[in-house]
Structure formats: structure tokens, C-alpha cells
Amino acid sequence: MEKFIQLLVYGLQLGSIYALLAIGYTMVFGIIRMINMAHGDFLMMGAYAAFFIVSLIFRDQMIGPAVALLVILASAGITGMIGVGVERVAYKPLRNRPKISSMIAAIGVSLFTQNFFRAIPFIGPNPRTFPKLMKDVLFFIGPIQFSLVRIVVIILSVIIMAILYFFVMKTTMGMEMRAVSCDKDASSLMGIDVDRTISTTFFIGAGLAAISGAFYANSYPVLTVTMGATLGNKAFIAAVIGGIGDIRGAMLGGFIMGIIEIMISSVYSELAYGISFVFLIIILLMKPEGLLGKPMVEKV
Amino acid sequence: MSVLKADHISIQFGGLRAVNNFSLEMNEKELFAIIGPNGAGKTTVFNMLTGLYQPTEGAVYVNEKLMTNCKPYQFTEAGLARTFQNIRLFGQATVLDNVKMAQTFRTNYSYYNMLTRTGNYYEEEKRITQRSMELLEMFDLQDKRNYFASNLPYGEQRKLEIVRALATDPKVILLDEPAAGMNPNEIDDVITLIRRVREELGKAILIIEHHMKMVMSIAEYIKVLDFGETISEGVPEVVQNDPKVIEAYLGVHVNDSRG
Amino acid sequence: MVKTMKWLKRNSEVIIIPFIYILIAGLQRAGILNNYIIQVIMLGGINIIMTESLNLVNGLTGQNSIGHAGFMAVGAYVSALFSKVIFNAGGLPPTSQTLVFLLATLMGGIAAAIFGYLIGTPTLRLKGDYLAIVTLGFGEVIRSIIRITPPVGAARGMTGIPKLANLFWVYLFVILAIYVCRNFMDSSYGRACMAIRDNEIAADTMGINTAKYKIIAFVTSAFLAGVAGSMYAHTLRYLHPDVFGYTKSTDFLVYLYAGGVGSISGSILGAFTLTALPEVLRFMKEWRLVIYGGLLVVIILFRPVGMFGGNEFSFLKLKTGGIKSVGFSDLFKRKRHQELSNKEGIQ
């Protein structure tokens, strides 16, 4: 039983990382109907950015939680700007073309960024070790051992998601994003700056990916240039399971994926990746629009 | 023999009864029309008559064959064809290919023959090409046979839709707003075309249309829909003067106290 | 005599195709093309087959299948298993090696085709992005299953596959694959698939049983991918499940779209050029994949119809499609910008 609860906590933690990443996929899909295959690489960039900020500014000192938070926010900001740049250069010109063109462009961007990071000398192909952002504290509730850091990650992620949901639902900017998701052309006719809205979406999505990258690197401290790829695929599955285009769906899907993966890994680790796909396929075949998604009806 | 029959069909979408109790029976070479204000359910009726929607009540018969739970392609195999309100041509294919594509189910060579080009592959291809060219010539589109369908002018795209539907060799053809977006000259062309289809090719025709002059001049029998109900039906003279029809379109009671 | 000359002129590919083979083989024999280059050429050929197979589904039928490497994996492993087992049973005269190879390839193709059917059938209802994800998923599931199956080497990979593939066989299968795809495209089957691509609802209404044709396209495509897998297995002689993951599938997507989706010739060009390109850029070491990725973005942004512009080689004698067909000599002329409209093409 203790094992189960511990696994559950691990799962929630991994799940919150997937959820933050999945939100980015789903927001981008919602607003420009594109699957950004390069989204996972934002996670990688965020993790590396945090790494460099810490090692360049703080060297080997142990940094406190407040500073750690600032570092994470800074790396989110940097990655967010990169996200905006990528959108302007590679995706914006393809907005009126068939979606598959954007997917190919995203594949190109992903190839480019991963290998670019590998090629430039001060990052290089060798894995880096991520420094501990906070000293971990283990505590017990009853017979079960908990890690403070994991709990903090879960709580922080939930807070971030709540803030985001509030932002999308209650602010003007959020309303603009929802409008553009519904109908891009009508929104521009209503006076909404579509380009700026899309850029904001990418900024937020990439920023969230960076945060999830920092959280991930804190628990699994090996950085490689390809770390974003597999995580990205899983988060993508999560977004689709939850219903792509729906933020709550992404959150739900992320947590489901995290928990399932941890549970299955504890039994048969080789199968975990494959099983998550089986799960996805079953859900899609039964409810193609995802758990929280709305069916798309084509007018005849 | 009845080529198309709708036996009290209705369709319900959740709480909305989009079409209620619609009936129709057409025989060979007849020309009927369905009219009604926008949103009356006309295209929904078409969709039920072609298998795109399944009626929640009632049954559809094509050439006396019961079509419940059949897929659209089976309706076509049974001898019914249709065109669409917003043109649904195969845009990236040529005009000729569009017409050939409609004859897929009448093509008689096997997968193996296709791969190896044996058997009657060449014969069938030739036959289909020939038949397609005949149809195109009949409607004066043969010169544009290698144009991409999406590059034709609007009026010719509509013509091509009709030619394509005819290529399936149906007994009855359903035209969804064949005159939409056309100027009076083009409408006259459409009228001539529809008459030719009936006389020369012997097809029964059911049209949905908004252009009243066109409908009144060619339809033998008209059914009027409003909010899914059949509010009137009959020959053009009867329908034209039916106060219910006038009210549905204009919303004004004929016997106005001011009149 | 004159009649033969005229026939040869119109069907020049009868001479050119064998000639290309003889040329390459000759250069190999003369030692000008070393084994490494020959292997690159063979891999290029294998990629051509894979890209052609993907073209049937993504290009012709307009479906979004992005897990095609899974079919290649099935073909590779099944054929390799077959030939390994036969060879280990021992005592085969060299003449029957060819037979074993052909049988192995056939079995690989059939196995992949079966998977194509298994995957194609439940996904019939899915559209667009969802179809893409599910096919991606199936590819990964196949890979995961291979990873945990000890008899085929599981995560360590399979070694010791007999060297049965050579330039001749790969070349032959490439030509066969091209003609299979051409015959498919230029027939009622191909036209039905194109109709499904352009407007599925209209296709349904025009008497085309969309489910049937989608499956036919999928299964044919999977078969070809299985054949390519067999070539791959018997060329590299070592298989590892991770090779056949999502990355490999995206490779084929790139070749297809860069070359020109929907066009057989485009697939040939895309696959071959982009297989050769990383090798040519090898001197740039770490930067070559960076260039590769950047090139992809540039092609998609500025030449979306693909390198070949959606055209087809005239030797394929495609009657379907109104695009001006390109002869070998046209490739060397300055290409006028093709207006894909109002062309009086072949008929």
C-alpha cells in the first residue's frame, strides 16, 4: 500500500511535468491547428537555460528556493522568446497551407535545434549534470516516505496551471486567444491582433515547457540535447488523450500519462512506452476526440 | 417503376427534429423540386436520400431497393447520384479524371490485373476514357479535359459536378441548388442542361432550388419545406398560390387588414 | 528496323534503366565506387521503396500515416528470421540462396501487409491529426514489442543476417516498386484513392467504397515497406528495434514532402537526394544534421510543391493527372516555372 502511494506521488510528479508540456501542445494546436513536433525541444532549451544560468551565475553555491524560482522563471522567459522567434520564422508563413507543411517544418526545426545545440562547443554532445536547485527533505506521513521536492513540484505545477486557466478564461488576452482558436479570420475582423495573440500563445507554451524542463531536470538530472524528444512525444499523447485543443484535457491527460507510466514501469519497464501508446490508441478508437474533447462535425 | 421513394422519413438530432414525416415518390424521367426558406431542411432531406444521414424514422428506396443502413456508395450502386450545394469536385484532379473517378465502381478489372496490366486492364481503361469523353462532349467540356477541376470558372465547375454525377449512370439524379450563384444567362444554360439530361439521357431529376422562376418553369411537382415540415406540395400553379408558401417565404399574411 | 527504332525511342526507358544499373555496377567492379558508396546507393534505393510506399498512403490517398517505419521493421525482422533459420539449418547450395532471399522478402512483405490490414481497418474512421497519432502509436507499439521479444534479439538487436542483398536485387526491387506504384496510380484504384484524398464525402457519393480503397492502399503500401525492410535487413545484416522508431518514420516523411508529395518521381528524387545529402555533408561533422534540418525548413517555406514540383518523369507514362510530364532531357534544360493550371498535357 505504501508502495502504491509512493508510486502515485512519483506518477503525479511526472504527470505534472507532462501536463505542463502537454498544455503547450494543446494551446498551439488550439490556436493554429498545428501539431508542433518541435515542442519537446523547448523543454530541452528550458532545462539547458536553467543549467547555464545556475552554473554561470552561481557556480557551485547552493541556491535557495526563492532564487531557484527566479532562475526557472528566467529560463522560461528566454525559452518563451525563442518560441516566439521560431513561430515567426518557420510557422507563420505556412499558416494558410495544408497542415502537413507545418508538421514537416516543425520536424525540420526540431532536427535543426537538437543538432545545433549538439554542435555548438559550449553545449556539446556530452550529457551534463543538472545541479540540485534545492536541498531535498524527506519526511514521513505514517509509514510512507515523501520527498518534499516532489510535492513542491506537484503543488507548483498545479498553481501554474490554475493561473493559466484563470488567464485564459478571465482576462481579455485569454479571451482573444480563445477567439482566435475558434475563428482566426473573424477574430481579425473584430479587431484582434491575431499575430500578437499567436505569439503570446507560443510564448506561454514554450515558457511552460521550459518550466517543465527545469522540474524534470531537478529529479532526473542528466541533460542531453535529445531529452525533449521522448518527453515531447509522451506529452503529445497526453494532450491527445485529454482532447487536443482543451487545456483541462491536457492537464488531465498529462496526469494520467504520468501515473500510468510510473505504475507500469514499476512492473515491466520496457513496456511502459509501448503501453502508453496502446492506451492512446484504445481511447482514440473509442472516443476519437479525446476524453474532454468535442467531436468535430463536418457539414455536408 | 419507382426510381426513388421516401416513406415518411424523419430525422432527429438530439432534441431537434430537423425533418418530420417527409414522403416522396418519383418515377422514371420525372422532374420534381423541393423548395423552402433557408434552414428548412432541404439538404438534410437530400442527405437522407443519399445515405449521408440515416433517417431516425421511415425508409428510403432507390429503384425499389430498401436502403436502410446502407452507405452512400451503395446508394450510388443502386442507381442514384447527387451534386452538392457547395461544390465538391476533386479539385486536384483533372476534369477528365473527375469523370473517370465516378466510374470506379463500374470498372471491371481485378487488383492483380491492375498491378500487372494484364487481363482487360487496357480494354476497360479505354472504355472508361471513351465514355467520359462522350459525356464531356455532350456538355461542351471536352476542350478543358486536362484542366484541373479547381481552375475552371464557377459555372463550368457546376456543370462538371453534374457531368460527374451522370457518369455513375444513375436512374435518378439529385441536384442541390444547381443555379446557385449564377446570373440569368447562366441560369438559362442550366435549365437547358437539366432538360437535356431528362430528355436525352432519360434520368429522373430532383432539385433543390431557390430561384423560383427556374423551379416554376421546369418542375412537374414541387414539395415545400419549412422547419422540417412539408407545408405544401403540388404542381407549380398550386404551390405558387398557396398562402402557406407565401407566408413561409415572406412572413406576411396574405389577407392583411390593410389590403 | 525503323519500327523498332521508333518503338525504342518512345520507350527509351527499356534501355536507360538497365544502362544505369550497368553503369553503377561497372564502376563498382572497376573499384571507382567503393563499398561504402555502393552501400549508400543501396540504402538510397531502399529509401526510395519506402518513400514510394508512403506516397501511396499519404500522397495518393491523402491519409496521414507517420509510423511507416513499423511496417519496415516487421518486414525486416520476419525476413531476417526466415533466412537466418534456413541458413542455420545448414548445407544450402549457393544457387538456392537466391530462392531463400526471394522467399524471405516475400514473407517479409506479406507479414507487413497483414499488419497493414490490422492497422488500417480500425483507423478508417479517423481523420487528419488523429490518424497521424494513431499510426505513430502503432509504429511505436511494434517497436516496443520487438524490444521485448527474445527470439529476435530483443533490445540487443539481431545479428548474423546472411548477406543476400546486393546492388542488383535492390535495384531490381526499386524498379519493381516504382512500376507497382505507377500501375496503382494510373488505374481505377489510384483514381479512387485520389478522389478520397480530394474530397472523401464526394468520393463516397460517387460510388467509391472508401473503406475498401483506403485498406487496399494501406496494405499495398505496407507490403512494399516490408519488402524494403527485407532489403534493409540483408544489406546491413544487423537489426535493432530502435532504428525503426519515430525518427525513421519522420525521415520518410521528409523525403516524401521534400521531393513532392503525390508524385512518384518526386519520391524517387526526394529519397535519393536526401539519403545522399547527409553523406555528402559528412565532412561538416556535427553541423551536417543542422544543415539538413534547416534545409528542410527552407524547402517547405520556399518550394512547397517539393523539389520536383509535382511533376512526373515521362518514362512513367502516367495518363492520370494533367501535369506536364518531364523527360530526361528536360531536367537539364532551364525549367520554366510550372503553372499548374491550364496545361494541355498528355492524352
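In what follows, the structure referred to is the one given above.
Thresholds applied
Residues numbered from 1 in each chain as written. Chains lettered and ligands numbered in written order. Predicted model: local features only at pLDDT ≥ 70, side-chain atom pairs only at ≥ 80, totals over all residues. Helix = DSSP H or I, 4+ residues; strand = E, 2+ residues; numbered from the N terminus. Rg over C-alpha atoms; globule rule 2.2 N^0.38 Å. Buried ≥ 20, exposed ≤ 12 C-beta atoms within 10 Å, placed from the backbone. Contact = placed C-beta atoms within 7 Å. Nonpolar A, V, L, I, M, F, W, Y, C, P; charged D, E, K, R; others polar. Pairing = 2+ DSSP bridges. Axes fitted to C-alpha atoms, helices over the stretch in contact; angles between N-to-C directions. Parallel < 35°, antiparallel > 145°, perpendicular 65-115°, else oblique. Left-handed = near helix turned anticlockwise from the far one by under 90°.

Comments concerning the overall build of chain B
Looking only at helices and strands, chain B has 10 helices and 10 strands in total. Computed over its C-alpha atoms, the radius of gyration of chain B comes to 20 Å, within 12% of the 18 Å expected for a compact globule of 259 residues. Split into buried and exposed, the 259 residues of chain B put 45% on the buried side. Of all intrachain contacts in chain B linking residues separated by at least 6 positions in sequence, the fraction that spans at least 24 positions is 64%.

Side note on unusual backbone geometry
Residues and elements named next belong to chain B. For N69, which is not a glycine, the phi torsion comes out positive at approximately 65°. Relative to the elements of secondary structure, N69 occurs in the loop between β5 (65–66) and α2 (72–78). The phi torsion at D140 lies on the positive side, around 65°, for a residue other than glycine. Along the chain, the position of D140 falls in the loop between α5 (121–138) and α6 (154–167).

A look at the interface of chain C and chain A
At the interface, 34 residues of chain C touch 32 residues of chain A. Those elements that place two or more of their residues in the side of chain C that touches chain A are α6 (128–147), α11 (246–259) and α13 (287–302) of chain C. Ranked by residues supplied to the side of chain C that touches chain A, first place goes to α6 of chain C with 11 residues. Here the residues of the side of chain C that touches chain A sort into 23 nonpolar, 6 polar and 5 charged.

Some points on the interface of chain B and chain C
On the chain C side, the residues contacting the 31 residues of chain B number 30 residues. Only α2, α3 (95–101) and α4 (111–116) of chain B provide two or more residues apiece to the side of chain B that touches chain C. If one sorts the elements of the side of chain B that touches chain C by residue count, α2 of chain B sits on top with 4 residues. Across the side of chain B that touches chain C, the residue classes tally to 12 nonpolar, 10 polar and 9 charged.

Quick notes on the sheet that holds strand β10 (residues 229–234) of chain B
Residues and elements named next belong to chain B. Within the open sheet, the 6 strands sit side by side as β6-β7-β8-β3-β9-β10. Their pairing is mixed. Unpaired on one side and paired on the other, β6 (80–82) and β10 mark the two borders of the sheet. Recorded for the sheet is a direction-independent mean angle of 15° between the axes of neighbouring strands. Pairing of strand β3 (residues 31–35) with strand β8 (residues 204–208) involves 4 bridges; the strand directions are parallel. The partner of A33 across the bridge, within β8, is I207. Those strands touched by helix α1 (residues 42–50) are β3, β6, β7 (172–176), β8 and β9 (221–226), and its axis lies near 150° from that of β7.

So, the environment of S144 of chain C
Considering the arrangement of structural elements, one finds S144 of chain C in helix α6. Between the C-alpha atoms of S144 of chain C and A154 of chain C, which are 10 residues apart in sequence, the distance is 9.2 Å. Setting aside residues up to four positions removed in sequence, S144 of chain C forms contacts with L271, Y273 and G274 of chain A.

Quick notes on the environment of L176 of chain C
All names here are of chain C. On the secondary structure map, L176 appears in helix α7 (residues 167–185). Residue L176 is classed as partly exposed on the basis of its C-beta count, with 13 C-beta atoms lying within 10 Å. Separated by 127 residues in the primary sequence, L176 and I49 place their C-alpha atoms 9.1 Å from one another.

What to know about the packing of helix α4 (residues 69–89) of chain C against helix α10 (residues 210–236) of chain C
Residues and elements named next belong to chain C. Packing of α4 against α10 brings their axes to within 6 Å, and their N-to-C directions diverge by 50°. The orientation of α4 relative to α10 falls into the category oblique. The interaxial crossing formed by α4 with α10 has right-handed handedness. In this structure, α4 contributes F71, M72, A73, V74, G75, A76, S79, A80 and S83 to the contact, and α10 contributes A222, A225, G226, V227, A228, G229, S230, Y232, A233 and H234.

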